[in-house]
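# Fold and contact review
Next come the chains, spelled out residue by residue.
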Amino acid sequence: SALAPPDQAAGEQATGNRAPGAATGRRGRAIAMRRPYLSATAVAVAVAAIIAVTLIDIAAGEEASILGPLSLTAIVLICTAILTISFLDALRTSRRIDRESRRVADMAERLAATVTAMNETNANLRASEEHYRNLVESQQDFIIRLDRRGCYTFVNDTYCRRIGRSREELIGAPFALQVEGGPADPIGHPDLGRPPYRARYDQRVHLAEGWSWIGWQDAVVRDRDGRVIELQRVGRDVTLRKEEEAG
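Residues numbered from 1 in each chain as written. Predicted model: local features only at pLDDT ≥ 70, side-chain atom pairs only at ≥ 80, totals over all residues. Heavy atoms only, no water.

A tally of helices and strands in the chain yields 6 helices and 6 strands. Traced from its N-terminal end to its C-terminal end, the chain shows the element sequence α-α-α-β-β-α-α-β-β-β-β-α. Here the chain, with 247 residues, has 22% of them falling under the buried criterion. Once local pairs closer than 6 in sequence are excluded, the contacts in the chain between residues at least 24 apart make up 38%. (Helix = DSSP H or I, 4+ residues; strand = E, 2+ residues; numbered from the N terminus. Buried < 20%, exposed > 50% of the residue type's maximum accessible area, 1.4 Å probe, protein only. Contact = heavy atoms within 4.5 Å.)

Okay, structure coming up:
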């Protein structure tokens, strides 16, 4: 094959790289396709044998129109052989069909088990999501997320209630709280520009009920190039602490 043309060498290499299972499957299909032809050949050979054995009586001096005992015996033996071959072939076919049926049933059982496992996994994921959502929504702290442009991508119920705006109004809108002290643009906090990319500070914020002190804990998520993808903010009302510190 070292001197074979490139196309032939490539064909030989591709043939050599084929999986043994695939070759076995093709051989099995080829044998299955040849079986009807083998049965027809067996019948043709049997008919030719019957014609040939009639010549035995002619050679023994019997009349050509009469089957002698030798011919009858040969015909019986040939018919018995044909019936035996047909029975064995039918038995092999039945066993092959039975094996295929068991294989298909096993595959169907494994598929059903896989689907059941996937359904259970999806149900667990939905339950976990619901639990996490309920946990976030039940928090008394502010929980918000902003994209790199500073627009809201998530707000919890507490935040919406305290600033007096609905979630539908906020999602996609830019962060715009009236603040005193601390950065008006939370993404611009200097601590967020260096590891560990977190910032903690107190800030006076104008809420629906008036001015309050909010203690923010900010963290940014960055991509591989170091660019900000998202800012996650958790805010807690620390007004009482601030008043006690001032008094």
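Overall, the predicted model of the chain reaches an average pLDDT of 76, with 66% of residues at or above 70. Predicted confidence is poor over residues 1-24, with pLDDT under 50, and the contacts of this stretch with residues over four places away or in other chains come to 3 contacts. Segment residues 30-34 is flagged for pLDDT under 50; beyond a separation of four residues in sequence, or across chains, it makes 0 contacts in the model. (pLDDT = per-residue confidence, 0-100.)

A separate point is the nonpolar core. Counting 22 residues, the largest nonpolar core has Tyr152, Val155, Tyr159, Leu170, Phe175 and Trp216 as its most contacted members. Contributions of two or more residues to this core are made by β1 (142-147), β2 (152-155), α4 (157-163), β4 (198-207), β5 (210-222) and β6 (228-237). With 4 residues, the single largest contributor to this core is β4. If we ignore the near neighbours within four places in the chain, the residues touching phenylalanine 175 are Ile144, Leu146, Gly150, Tyr152, Tyr159, Ala184, Pro186 and Arg233. (Core = buried A, V, L, I, M, F, W, Y, C linked by side-chain atoms within 4.5 Å.)

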